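# Overview (structure and organization)
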Amino acid sequence: MGNLALGRKLWADTTCGQNATELYCFYSENTDLTCQQPKCDKCNAAQPHLAHLPAAMADSSFRFPRTWWQSAEDVHREKIQLDLEAEFYFTHLIMVFKSPRPAAMVLDRSQDFGKTWKPYKYFATNCSATFGLEDDIVKKGAICTSRYSNPFPCTGGEVRAHV
């Protein structure tokens, strides 16, 4: 058991500051369980002290809280890919977000080394409205869940996928 992403290649469609210095914004929580106004900072993928590259997705959010991958600003659809390079018995996946968790997300997997992809799990605040699927909170064993789509916490929220 361990982090299968360590030492493996991670890809993302965009990276903050990929072409030039840009701003990204992040949130923290108020004591009343609401998100504070966003704070913004600069990122530039070419400058190590300002970079938030895809490889940072593989490190531990607990051991290295100051490293993370950051998409480009104003991106509403992002594709992230991890090549495990071999067949594994996959039991669970945990993603920790620096931002509020996404309102909708699809986790796909390939069992033929990337030739074809199939949905593994859907995540949405409303499975029926977003994907036309039942929620596993209502129907045990459904492929969609609303458990991890609440935007709170504003940072550090987890999304978990279990087999």
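Starting afresh in each chain, residues are numbered from 1 along the sequence in its written order. Given that this is a predicted model, residues contribute local features only at a pLDDT of at least 70 and side-chain atom pairs are listed and counted only at 80 or more, while totals for whole chains, interfaces and linings are drawn from all residues. Computation of side-chain values covers all heavy atoms of the structure but excludes hydrogens and water.

The name recorded for the protein chain in an unreviewed UniProt entry is Laminin N-terminal domain-containing protein, from Balaenoptera physalus.

### Things to note about the state of the cysteines
Inclusion rule: We call a pair of cysteine sulfur atoms a disulfide whenever their separation is within 2.5 Å. Only DSSP runs of H or I with at least four residues qualify as helices, and only runs of E with at least two residues qualify as strands; both kinds are numbered from the N terminus onward. Each residue gets one of three labels from its accessible area relative to the maximum for its type: buried under 20%, exposed over 50%, partly exposed in between, using a 1.4 Å probe on protein chains only.
For the structure shown, the criterion picks out four disulfides. Two residues, Cys16 and Cys43, share a disulfide whose sulfurs are 1.6 Å apart. Linking Cys16 and Cys43, the disulfide has an S-S dihedral of approximately -65° and is accordingly described as left-handed. You can see Cys16 sitting in the loop between strand S1 (10–12) and strand S2 (22–26) and its partner Cys43 sitting in strand S3 (residues 39–43), a full 27 residues away along the chain. Here Cys16 matches Cys43 in class, with each residue buried. The disulfide partner of Cys25 is Cys40, and the S-S distance across this bridge is 2.0 Å. Here the disulfide of Cys25 and Cys40 is right-handed, its torsion about the S-S bond being about 90°. Taken together, the residues span a long stretch of sequence, with Cys25 in strand S2 and Cys40 in strand S3 at a distance of 15 residues.

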